[in-house]
Amino acid sequence: MPSSTAVSDPDGDHGSTDIEAHVRPRRDGDRGTASTRGAPNSAGSTNDRPATAADAVHDMDVVPPGWHRKLLPAFGVSLSAFLLFGIEVGWPGHAVLIVSLGAAYLVDRALAKDLLLIGAGITVVSTTSVAADVSWDRFFTIGIVLALAVATPFLIDRLIYRRKAIRFPWRGHRKWTPVQKGYMLLVPFLGWLILPFYFIRSGAYQNWPAITDTSELVRFFIGVNYVGTWDELFFICTCFVLLRRHFPMWTANILQAIIFVSFLYELGYTHWGPLLTAPFALLQGYIFTKTRSLTYVVIVHLLFDVIVFLAIVHSHNPDFFPYFLY
């Protein structure tokens, strides 16, 4: 009979069953039954199948029990990203990350497993500067590092943890509503209205190099779109989804937004940029929760990034796309 409470396993790895207990029970026709979920298998370990836990990412009302005691280690992981990316202090950031992972292990081993994946991605990104640069060597270096930052936690989740907690749902489960379609049309207008004012009035555009030839222009356009897509793969489909397994939606969203905004600050969104990037990061997590669609959040992000591209190039070369108000 399905249990309404979490089942503790011999290793203490019960984080996924905590949240699964608050999501719809599986039917006998599903992959595994509710009666066997979380029960020890023949090897003595529990079945760590997050398929139903994944549903909880899209349920605003699911509140995992006991989440308060897990908050400090999770906040420490987010803080490490702020130290590594936001203010760019190396060993203190890595020290905070290690201590936070150790604390998570003592508090809840399932939490530690998920935070380890986030920490692995953060650590990979910290191996190089992500400051905007369109030179050929930095173009490929940053691209490879960011790809590894997504691939590392994904492969650990699949090959070592042998589960599917990290997914990239390009095909959403719901049709987009008229409001969601309208928002997609609104995004470029908001970007056109806000971004040139921010980049030029704050001087943040100087964090990006001036484009001097067509090759650099093409690399910059590709880079902007690549990073925008990567943002959603890592911050939303990896960090947010893993945090959502243990925390209420808005708590998980704030924790991922700290990592998201810290990365964007190093990328170049300095001065009062966090006043723009923080709401954007939170909104992307919320939208993903409502739409269940990676495609939707990527489209929204890239529509915004088209204006980012135009505004930055215009800031350096006012004759390029001279149609902004600032």
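Draft legend 1. Main features of the environment of Lys70. Looking at the element boundaries, Lys70 is found in the loop between helix H2 (51-56) and helix H3 (71-86). Among the polar contacts made by the side chain of Lys70, one reaches the side chain of His246 at a distance of 3.3 Å.

Draft legend 2. Main features of the confidence of the model for the protein chain. Summarising the model, the protein chain shows a mean pLDDT of 86, and 81% of its residues fall at 70 or more. In this model, residues 1-18 is a region of pLDDT below 50 whose contacts with residues beyond four sequence positions or in other chains number 40 contacts. Within the model, the stretch residues 20-54 combines pLDDT values under 50 with 66 contacts to residues more than four positions away or in other chains.

Draft legend 3. Just helix H11 (residues 294-316), in detail. The end-to-end C-alpha distance of H11, which contains 23 residues, comes to 33 Å, matching closely the 33 Å that a straight helix rising 1.5 Å per residue would cover. Here H11 lies mainly inside the structure; 17 of its 23 residues are buried. A distance of 3.4 Å separates the backbone nitrogen of Thr295 from a side-chain oxygen at the start of H11, and that oxygen is part of Ser293.

Draft legend 4. Seen up close, the packing of aromatic side chains. Considering all chains together, one arrives at 28 aromatic pairs under this definition. On the basis of an interplanar angle of 15° and a centroid distance of 4.4 Å, the ring pair of Phe235 and Phe260 is categorised as stacked. One end of the pair, Phe235, is in helix H8 (residues 214-244); the other, Phe260, is in helix H9 (residues 249-267), with 25 residues separating them in the sequence. Since its relative accessible area comes to 0%, Phe260 is described here as buried. Of the aromatic side chains, those joined through ring pairs into one cluster are Phe85, Trp230, Phe234, Phe235, Phe260, Phe263, Phe280 and Phe304. The lysine or arginine in question, Lys113, covers the ring of Tyr161, its NZ or CZ lying 4.6 Å from the ring centre. Against the face of Trp136 rests Arg219, its NZ or CZ located 4.2 Å from the ring centre.

Draft legend 5. Just the nonpolar core, in detail. The biggest cluster of nonpolar side chains holds 81 residues, and the ones touching the most others in it are Leu115, Ile118, Ile122, Phe199, Phe220, Trp230 and Phe263. When residues in this core are grouped by element, the largest group, 14 residues, is from H8. Those residues in contact with Phe199 that sit more than four places away from it in its chain are Ala204, Tyr205, Trp208, Tyr269, Val308, Ala311, Ile312 and Ser315.

Draft legend 6. Fine view of the environment of Trp136. Turning to its location among the elements, Trp136 is positioned in helix H6 (residues 136-160). A relative accessible area of 48% means that Trp136 is categorised as partly exposed. Sequence separation between Trp136 and Arg219 is 83 residues, and the spatial gap between their C-alpha atoms is 8.4 Å. Leaving out residues up to four positions away in the same chain, Trp136 has contacts with Ser215 and Arg219.

Draft legend 7. The pattern of salt bridges, seen in detail. Applying the stated rule across the entire model yields five salt bridges. Note that Asp108 and Arg69 form a salt bridge whose closest N and O atoms lie 3.8 Å from each other. Of this pair, Asp108 sits in the loop between helix H4 (90-107) and helix H5 (109-125) while Arg69 sits in the loop between H2 and H3, placing them 39 residues apart in sequence. By relative accessible area, Arg69 is classed as partly exposed at 42%. Note that Arg163 is salt-bridged to Asp157, the shortest N-O span being 2.4 Å. Neither residue differs from the other here; Arg163 and Asp157 are each classed as buried. Here the residues in one salt-bridge network are Asp114, Asp157, Arg158, Arg163 and Arg245, joined through shared partners.

Draft legend 8. Spatial organisation of H3. A rise of 1.5 Å per residue sets the reference length of H3, with its 16 residues, at 22 Å; its end C-alpha atoms lie 21 Å apart and thus fit the reference within 8%. Along H3, the residues classified as buried are Pro73, Ala74, Gly76, Val77, Ser78, Ser80, Ala81, Leu83, Leu84, Phe85 and Gly86. At the C-terminal side of H3, Glu88 shows a positive phi close to 55°.

Draft legend 9. Geometry of the side chain of Arg245. Mapping Arg245 onto the fold places it in the loop between H8 and H9. There is a polar contact of 2.9 Å between the side chain of Arg245 and the side chain of Asp114.

Draft legend 10. The arrangement of unusual backbone geometry in detail. A positive phi angle, near 55°, is found at His271, a position not held by glycine. Secondary-structure assignment places His271 in the loop between H9 and helix H10 (274-291). Even without being a glycine, Arg292 presents a positive backbone phi close to 60°. Secondary-structure assignment places Arg292 in the loop between H10 and H11. With a relative accessible area of 17%, Arg292 lands in the buried category.

Calculation notes
- Residues numbered from 1 in each chain as written.
- Predicted model: local features only at pLDDT ≥ 70, side-chain atom pairs only at ≥ 80, totals over all residues.
- Heavy atoms only, no water.
- Helix = DSSP H or I, 4+ residues; strand = E, 2+ residues; numbered from the N terminus.
- Polar contact = N/O pair within 3.5 Å; in protein donor to acceptor, adjacent residues only side chain to side chain.
- pLDDT = per-residue confidence, 0-100.
- Contact = heavy atoms within 4.5 Å.
- Expected span 1.5 Å × (residues − 1).
- Buried < 20%, exposed > 50% of the residue type's maximum accessible area, 1.4 Å probe, protein only.
- Phe/Tyr/Trp six-rings, centres within 6.5 Å; stacked < 30°, edge-to-face > 60°.
- Lys NZ or Arg CZ within 6 Å of the ring centre and 35° of its normal.
- Core = buried A, V, L, I, M, F, W, Y, C linked by side-chain atoms within 4.5 Å.
- Salt bridge = Lys/Arg side-chain N within 4 Å of Asp/Glu carboxyl O.

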